[in-house]
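Okay, here's what each chain looks like letter by letter:
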Number of protein chains: 4
Amino acid sequence: MTRIKAGVLGATGYTGAETVRLLAAHPDVDLAFATARTDAGRSLRDLHPGAPDVPLRRLEDIELAAVDVLFLCLPHGAAQEATRQGLEAGCVVIDLSADHRLHDPAAYERWYGAPHGSPDLLGEAVYGLTEWRRDRIRAARLIGNPGCYPTSILLALAPLLGAGRLRDTTIIADSKSGASGAGRTASVPLLFSEVNENLRPYNVGHVHRHVAEIEQELEALGGAKGVVFSPHLVPITRGIVSTIYIQPYPPSDIRTIYETAYSSEPFVEVLPEGQTATIAHTVRSNRCAISLHEVAERDTLIVVSTIDNLLKGAAGQAVQNMNVRFGLDERAGL
Amino acid sequence: MTRIKAGVLGATGYTGAETVRLLAAHPDVDLAFATARTDAGRSLRDLHPGAPDVPLRRLEDIELAAVDVLFLCLPHGAAQEATRQGLEAGCVVIDLSADHRLHDPAAYERWYGAPHGSPDLLGEAVYGLTEWRRDRIRAARLIGNPGCYPTSILLALAPLLGAGRLRDTTIIADSKSGASGAGRTASVPLLFSEVNENLRPYNVGHVHRHVAEIEQELEALGGAKGVVFSPHLVPITRGIVSTIYIQPYPPSDIRTIYETAYSSEPFVEVLPEGQTATIAHTVRSNRCAISLHEVAERDTLIVVSTIDNLLKGAAGQAVQNMNVRFGLDERAGL
Amino acid sequence: MTRIKAGVLGATGYTGAETVRLLAAHPDVDLAFATARTDAGRSLRDLHPGAPDVPLRRLEDIELAAVDVLFLCLPHGAAQEATRQGLEAGCVVIDLSADHRLHDPAAYERWYGAPHGSPDLLGEAVYGLTEWRRDRIRAARLIGNPGCYPTSILLALAPLLGAGRLRDTTIIADSKSGASGAGRTASVPLLFSEVNENLRPYNVGHVHRHVAEIEQELEALGGAKGVVFSPHLVPITRGIVSTIYIQPYPPSDIRTIYETAYSSEPFVEVLPEGQTATIAHTVRSNRCAISLHEVAERDTLIVVSTIDNLLKGAAGQAVQNMNVRFGLDERAGL
Amino acid sequence: MTRIKAGVLGATGYTGAETVRLLAAHPDVDLAFATARTDAGRSLRDLHPGAPDVPLRRLEDIELAAVDVLFLCLPHGAAQEATRQGLEAGCVVIDLSADHRLHDPAAYERWYGAPHGSPDLLGEAVYGLTEWRRDRIRAARLIGNPGCYPTSILLALAPLLGAGRLRDTTIIADSKSGASGAGRTASVPLLFSEVNENLRPYNVGHVHRHVAEIEQELEALGGAKGVVFSPHLVPITRGIVSTIYIQPYPPSDIRTIYETAYSSEPFVEVLPEGQTATIAHTVRSNRCAISLHEVAERDTLIVVSTIDNLLKGAAGQAVQNMNVRFGLDERAGL
């Protein structure tokens with residue numbers, strides 16, 4: 001099999017380092033380069049002691065055309081120019097930033113505070129929720145890799161959405177995330193002494209960027225009335241739990257719908273009745289664990305979904321998307 | 001002012017040790033005794049290195065009649081006999097176990113799996129949610145100290161319940177608790193290596209003991225249709241966050257209702273608009289912090305409430321109840 | 001008794017906030033002001049949710065002469081000018097920075113990289129290791145409050161130093177500290193995701209600032225050959241454990257020497273034989289716990305010492321020093 | 001290449017589960033069985049949510065002769081009978097318990113409180129510190145897999161021991177370990193609420209089992225006068241840091257000695273000057289990271305060594321030993 005040549009732009013954050021780690025160990029991939037701005041010239045291992053010993057190069061010194069696939073682990077905004085350059089150089093671009101998740105340029109401008117530089121690409125980009133977009137991913141030039149919170153929520157709802165069961169429901173998603181989801185940027189609220197022994201709800205119920213991304217995809221997957229989304233920062237490094245409340249209880253056969261949807265998926269596990277998904281089910285894996293909790297007496301269905309925010313919620317799903325795009329075993333390197 | 005003589009039965013668990021700590025430092029209280037079973041003869045400080053140096057005595061060796069108030073930090077079931085003895089000895093009994101929270105003997109038997117030994121006392125016991133029961137507490141012989149989860153949820157809802165705004169609402173309460181809430185009993189699921197870096201929803205949506213306690217009091221405070229309650233174990237030692245979802249949005253003036261209810265309360269703080277309650281607001285204090293989040297676009301009100309599970313959720317509220325009962329400054333020793 | 005008026009410069013860091021917390025609750029103190037630079041105009045509680053609701057003022061807007069005692073919680077370097085101003089205004093100055101710990105101006109310049117602005121004050125400043133300097137503290141205008149690591153090590157060694165037992169010994173101090181000791185400044189290495197699940201030795205064995213401070217005081221307390229000091233950052237918020245190795249084993253009666261030295265000290269506890277000092281013994285208290293471990297078969301004495309770095313290692317000892325200086329009960333407010 | 005058939009006795013503890021995880025993913029191994037006592041009949045994944053879905057069988061139901069290599073993850077004492085049975089069945093036995101680490105039956109009885117059931121095997125067993133025993137491991141029937149603390153200390157000292165530099169030195173080893181090293185047994189001192197926000201030195205300086213193991217191997221590797229060993233429990237799940245003090249400073253060329261010893265080792269990394277080994281360098285890997293800190297001014301050498309206690313300190317080294325024993329690539333599956 002032909003080997004895939006891959007490059008990573010922005011390798012020093014948590015997502016970037018995880019992407020490099022996966023690609024460096026991937027059996028079918030040659031990692032051609034990884035870039036950094038201020039840390040160019042050092043090894044990734046100097047910044048992340050457990051990471052592979054990969055040299056960090058300046059963006060100016062690499063040739064995009066040398067790779068088949070380009071992973072962008074840049075801040076939103078910065079990924080737009082890099083996307084254009086990557087596409088021009090003939091690369092498949094997998095953008096892990098938020099720059100190519102929303103399809104509507106007006107929505108992008110509203111939620112990200114600046115007009116998008118390539119509005120045409122917003123229409124072309126495929127939203128890379130792998131399990132539900134394989135056909136489009138196989139043909140994509142540009143994949144907008146989903147956010148970690150949306151991944152945990154959408155995988156938990158997609159079967160019901162597809163069955164048309166949520167069209168009149170305002171979904172409540174109470175999500176809890178480890179601190180690596182907030183990135184590797186110096187900031188007082190993310191200091192150990194601020195996060196440890198604390199638990200911090202934030203943007204409680206706000207209608208904002210993540211909600212826009214989630215609601216766009218709720219619609220695409222079958223339709224719901226909307227989502228109320230409350231993220232919480234918890235003192236763990238990795239992992240997301242989304243506890244999702246659906247009222248009224250959607251009609252019967254819920255478990256069958258989920259098991260049918262996911263029975264042959266290598267990375268989504270619907271837990272048997274009586275078990276509850278926890279961080280421990282999925283941390284340091286590309287898996288999503290889903291448990292179903294029917295509260296008939298209160299006319300409510302609860303779905304709990306957990307992922308590792310850096311893997312299925314970012315780098316892992318990006319590599320999974322690459323595997324699909326290039327016809328590799330979808331599980332390769334994961 | 002006359003000093004109060006107090007005793008603690010069952011001082012070695014987290015709640016018991018915290019109760020002893022508060023009473024030993026209370027300006028108006030003399031701690032007469034603290035008991036333990038297997039650890040009698042040792043100092044409390046041998047078990048809890050930061051605790052006061054209080055000798056642990058055998059239940060057989062103490063005289064209940066020597067104290068004015070008896071705090072029961074025993075497992076449910078075991079508190080019933082001690083309650084009877086304490087009342088006979090003329091003590092005011094503050095029961096921190098679950099044995100005197102439910103008023104209905106049939107409900108007790110259903111949720112705790114055995115008939116209650118003194119069903120008559122269930123009717124007499126005052127549910128000690130201090131801010132909402134002061135009049136009855138002042139005259140009580142027996143106070144059933146509320147559970148930690150119910151305290152966090154009921155304080156967050158009482159103003160709306162009292163205003164009659166929740167009668168048709170099924171409330172969703174997504175609660176996150178530190179591990180001390182599960183007690184100081186050897187058990188594999190509570191080992192550091194099991195709890196750390198994990199986040200574990202449990203009893204998701206189950207209608208069980210806590211729900212029975214919450215719904216009894218929702219009714220007493222003004223009425224609601226019911227509650228869907230999902231607790232989560234998070235890797236912190238102390239603290240509870242309850243994120244509470246109310247759909248549809250109850251009619252207007254929400255903030256005014258809360259501020260009116262709590263403006264003169266020393267231990268309940270309604271945070272200003274734009275702030276969100278976190279564990280850091282209340283940990284190691286007897287306070288409850290409440291923040292209000294109106295999500296008009298999705299027809300939802302979210303109330304976030306935080307307490308320290310061992311203080312306002314247990315020992316602190318117990319001492320607050322003692323202060324009310326004996327006419328002390330309600331803040332004394334807290 | 002006359003009440004003491006106190007002011008705090010630099011209230012927003014962990015040490016500053018803890019100093020404000022202690023002073024605001026101190027029975028004999030009126031807190032006149034607390035200052036901040038960028039956060040002036042806000043309440044301390046906005047930055048530290050559990051802190052008292054104290055307004056943060058600009059340095060330019062306060063009058064130093066209005067207070068009896070001034071606590072400096074400023075970065076080293078910045079405390080020198082404030083010290084001069086405080087002394088001129090007639091205040092007693094308690095400097096929690098490192099600016100007045102070393103007595104030798106040349107040493108200060110060597111270890112802090114700039115000449116000291118008031119070298120004469122270095123000679124005057126009293127090193128505020130309370131238990132061993134009470135006489136001088138009672139008469140001091142300027143107290144250099146000890147560093148947290150030096151406090152934990154010096155309290156553990158002072159009895160032996162005073163007995164002349166360590167003059168030929170190079171002491172090994174292996175210290176472990178929680179992250180709050182590194183301050184509340186945005187920095188990637190102090191992010192939760194970097195500190196959590198990690199344990200980081202740093203400056204291992206380096207002869208640097210802390211060593212200069214420790215060795216100055218080893219000499220003053222009785223003399224030792226030197227110290228090898230290795231700090232480690234551990235994933236806890238508060239607390240220091242110093243495990244101190246002394247080879248060869250100093251002659252007999254070790255326990256008697258310690259018990260004699262500390263038997264009447266309210267804040268230093270020599271644990272009984274068979275017990276070991278842990279963080280839990282002293283966290284959130286002004287205490288120091290010391291345990292002695294004689295390893296005769298290997299000709300070694302080990303002393304373990306623990307403190308809370310923000311209390312006995314900073315704000316607590318500062319308040320203790322104020323109590324001594326102003327003739328208050330040494331335990332007041334602690 | 002012939003595939004290796006492997007079995008695991010005692011799969012439910014942290015070490016057992018990690019051994020199963022490694023073997024189940026090993027490219028050259030077929031995992032024939034994994035046993036449990038009380039949990040037989042369940043899947044390993046039920047106990048460890050992230051573990052592979054391997055059925056747990058009763059010891060009575062498996063046939064030892066069906067495997068080439070048997071991993072014993074049993075408590076000490078219990079491994080002796082299983083070792084005899086495994087050897088009789090023709091298996092290579094890799095014992096991860098402490099039962100075959102000491103070579104002297106009298107020493108075993110002294111430190112483990114009971115005579116050894118097969119004293120002859122103590123002489124035959126090879127101490128499996130892979131990097132220093134490859135020749136003997138290649139021919140071994142029975143490998144006593146080293147303890148986690150000894151592994152971290154011995155790898156850090158072996159080069160100097162081999163060079164004869166430590167014969168007159170009493171080494172000080174200050175080790176810090178995560179909680180998984182204490183095993184997966186219900187116990188109050190290992191509860192989350194006891195370990196979290198605490199740091200607990202224990203057995204400080206005691207001459208006990210681990211010291212006996214370490215000193216036996218210090219002697220075998222070249223000789224030292226003895227070791228003073230102080231373990232500390234820290235609130236992390238996995239990882240050990242050993243900070244090792246050597247006085248007086250052993251003669252020159254230290255770095256060359258280490259680099260020569262380890263330059264071609266796949267799993268031992270001597271960090272460049274100026275870097276310090278941390279948990280993050282080795283956690284979730286089979287690596288050992290070593291950093292050298294020469295404190296000439298105080299006549300001291302400090303060596304810092306870190307490993308993952310469950311991998312290089314247990315299951316990883318066991319698999320590495322299997323790889324060596326069966327002529328596989330030493331890195332396979334690690």
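In what follows, the structure referred to is the one given above.
So, how was this worked out
- Residues numbered from 1 in each chain as written.
- Chains lettered and ligands numbered in written order.
- Predicted model: local features only at pLDDT ≥ 70, side-chain atom pairs only at ≥ 80, totals over all residues.
- Heavy atoms only, no water.
- Helix = DSSP H or I, 4+ residues; strand = E, 2+ residues; numbered from the N terminus.
- Buried < 20%, exposed > 50% of the residue type's maximum accessible area, 1.4 Å probe, protein only.
- Contact = heavy atoms within 4.5 Å.
- 1 Å grid on protein atoms, 1.4 Å probe; cavity = no way out; pocket = protein on both sides within 12 Å on 5 of 7 lines; lining within 4 Å.
- Points joined across faces, edges and corners; volume = space filled by probe spheres on them.
- Nonpolar A, V, L, I, M, F, W, Y, C, P; charged D, E, K, R; others polar.
- Polar contact = N/O pair within 3.5 Å; in protein donor to acceptor, adjacent residues only side chain to side chain.
- Buried area = accessible area lost by both parts, 1.4 Å probe.
- Salt bridge = Lys/Arg side-chain N within 4 Å of Asp/Glu carboxyl O.
- Expected span 1.5 Å × (residues − 1).
- Bend = angle between axes of the 7 residues up to and from the residue.
- Pairing = 2+ DSSP bridges.
- Arc of directions from axis to C-beta.
- Least-squares fit on C-alpha atoms with pLDDT ≥ 70 in both.

Novice: Before we move on, can you summarise the overall build of chain A with the specific residues and values?
Specialist: What chain A contains, in helices and strands, is twelve helices and 14 strands. Across its three principal axes, chain A shows a C-alpha extent of roughly 65 × 45 × 40 Å. Going through the 334 residues of chain A one by one, you find that 64% of them count as buried. Long-range contacts, defined here as pairs at least 24 residues apart, represent 67% of the contacts in chain A between residues at least 6 apart.

Novice: Outline empty space enclosed by the protein, listing residues and values.
Specialist: This structure, assessed with the given rule, holds four cavities of 30 Å³ or more. Within this model, the largest cavity holds a volume of roughly 90 Å³. Around the largest cavity, the lining comprises 13 residues; the ones closest to its centre are Asn196 and Pro235 of chain A, Asn196 of chain B, Asn196 of chain C together with Asn196 of chain D. When its residues are assigned to classes, the lining of the largest cavity shows eight nonpolar, four polar and one charged.

Novice: Describe the environment of threonine 282 of chain D, listing the residues and the values that go with them.
Specialist: All names here are of chain D. By secondary structure assignment, the location of threonine 282 is in helix α11 (residues 279–282). Residues threonine 282 and arginine 238 lie 44 residues apart in sequence; the distance between their C-alpha atoms is 9.9 Å. Among the polar contacts listed, one links the side chain of threonine 282 to the side chain of threonine 306, at a separation of 3.0 Å.

Novice: Lay out the interface of chain A and chain B in plain terms, naming residues and giving numbers.
Specialist: Contacts between chain A and chain B engage 41 residues on the former and 41 residues on the latter. Together chain A and chain B conceal approximately 3,300 Å² of surface at their shared face, both sides included; 63% is due to carbon and sulfur atoms. Contact with chain B buries surface across chain A, with Glu197, Leu199 and Arg298 of chain A losing the most and accounting together for 20% of the total. Linking chain A with chain B are four salt bridges. Across the salt bridge formed by lysine 176 of chain A and aspartate 174 of chain B, the nearest N and O atoms sit 3.1 Å from each other. Where chain A meets chain B, there are 20 residue pairs in polar contact (both at pLDDT 80 or more). Elements that contribute at least two residues to the side of chain A that touches chain B include exactly β8 (170–177), β9 (200–201), α9 (209–221), β10 (226–233), β11 (240–246), α11 (279–282), β13 (288–295) and β14 (300–307) of chain A.

Novice: Describe in detail the environment of alanine 296 of chain C, supporting the description with residues and values.
Specialist: Residue and element names in this part refer to chain C. Within the secondary structure, alanine 296 sits in the loop between β13 (288–295) and β14 (300–307). When its relative accessible area of 61% is taken as the criterion, alanine 296 is described as exposed. Through-space distance from the C-alpha of alanine 296 to that of isoleucine 240 is 26 Å; in sequence the pair is 56 residues apart.

Novice: So, the pattern of salt bridges: which residues are in play, and what are the values?
Specialist: Residue and element names in this part refer to chain C. Taken as a whole and assessed by the stated rule, the structure comprises 88 salt bridges over all chains. For arginine 133, the salt bridge is made with glutamate 217, and the minimal N-O distance between the two is 2.8 Å. Of this pair, arginine 133 sits in the loop between β6 (126–127) and α6 (134–138) while glutamate 217 is found in helix α9 (residues 209–221), placing the two residues 84 residues apart along the sequence. A residue is classified by how much of its surface remains accessible, and glutamate 217, at 1% relative accessible area, is buried.

Novice: Requested: an account of the interface of chain A and chain D, with residues and values cited.
Specialist: Of the residues lining the interface, 13 residues belong to chain A; the matching set on chain D comes to 13 residues. Where chain A abuts chain D, roughly 980 Å² becomes buried across the two surfaces, and 41% of that area is made up of carbon and sulfur atoms. Linking chain A with chain D are two salt bridges. A salt bridge links glutamate 269 of chain D to arginine 45 of chain A; the nearest nitrogen and oxygen atoms lie 3.3 Å apart.

Novice: So what's going on with helix α7 (residues 148–162) of chain C? Which residues, and what values?
Specialist: Because an α-helix completes one turn every 3.6 residues, residues spaced three or four positions apart along the sequence face the same direction. All names here are of chain C. Between its first and last C-alpha, α7 extends 21 Å over 15 residues, near the 21 Å set by a 1.5 Å rise per residue. Largest kink in α7: about 35°, centred on alanine 156, with the proline proline 159 one to four residues after it. Among the 15 residues in α7, 14 count as buried, and that is most of the element. One or two residues past the end of α7 sits glycine 164, with phi positive at roughly 75°.

Novice: For the pairing of β13 of chain A, give the residues involved together with the corresponding values.
Specialist: Residue and element names in this part refer to chain A. Burial of β13 is extensive: seven of the eight residues sit out of reach of the surface. Relative to β13, strand β12 (residues 268–270) runs parallel, the two sharing three bridges. Among the inter-strand pairings, glutamate 269 is bridged to a residue of β13, identified as alanine 289. In this structure, β13 lies alongside β14, joined through eight bridges in antiparallel fashion. For glutamate 294, the partnering residue across the bridge sits in β14 and is leucine 301. The antiparallel hairpin formed by β13 and β14 contains four residues in its connecting segment, where aspartate 299 sits at a positive phi of about 60°.

Novice: Please set out unusual backbone geometry residue by residue, giving values where relevant.
Specialist: Following glutamine 247 of chain B, the chain continues to proline 248 of chain B via a peptide bond in cis, the omega torsion being -5°. As for its placement among the helices and strands, proline 248 of chain B is situated in the loop between β10 (240–246) and α10 (254–262). Unlike most non-glycine residues, arginine 284 of chain A shows phi in positive territory, near 60°. Along the chain, arginine 284 of chain A falls in the loop between α11 and β13. Although it is not a glycine, aspartate 299 of chain B sits at a positive phi angle of roughly 60°. Looking at where aspartate 299 of chain B falls in the secondary structure, it is placed in the loop between β12 (288–295) and β13 (300–307). Since its relative accessible area comes to 40%, aspartate 299 of chain B is described here as partly exposed.

Novice: Tell me about helix α3 (residues 79–88) of chain D, and please be specific about residues and values.
Specialist: All names here are of chain D. Within the sequence span of α3, burial applies to Ala79, Gln80, Ala82, Thr83, Gly86 and Leu87. For α3, the angular spread of the buried residues around the axis is 160°, confining them to a single face. Looking at the packing, one finds that the buried side of α3 touches β1 (4–9), β4 (69–72), β5 (92–95), α4 (105–112), α5 (119–124) and β7 (142–144). One or two positions beyond α3, positive phi appears at glycine 90, with a value near 90°.

Novice: Tell me what's going on with the relation of the copies chain A and chain B, and back it up with residues and numbers.
Specialist: Mapping chain A onto chain B calls for a rotation angle of 180° and an axial translation of 0.0 Å; the resulting RMSD is 0.0 Å. A rotation of that kind, with that shift, is consistent with a two-fold axis. Among all C-alpha atoms of chain A, that of proline 235 of chain A lies closest to the rotation axis, at 3.4 Å. With an isologous cut-off of 70% or more, the 100% of interface residues of chain A that recur at the interface of chain B puts this contact in the isologous class.

Novice: Pulling in residues and values, what's your account of the environment of arginine 57 of chain B?
Specialist: Residue and element names in this part refer to chain B. Counting through the fold element by element, arginine 57 comes out in the loop between α2 (44–47) and β3 (69–72). Exposure remark for arginine 57: the relative accessible area of 32% places this residue in the partly exposed category. C-alpha separation for the pair arginine 57 and glycine 10, spaced 47 residues apart in sequence, amounts to 9.7 Å. The residues touching arginine 57, leaving out its near neighbours within four places in the chain, are Ala32, Phe33, Ala34, Thr35, Ala36, Ala40 and Ile62.

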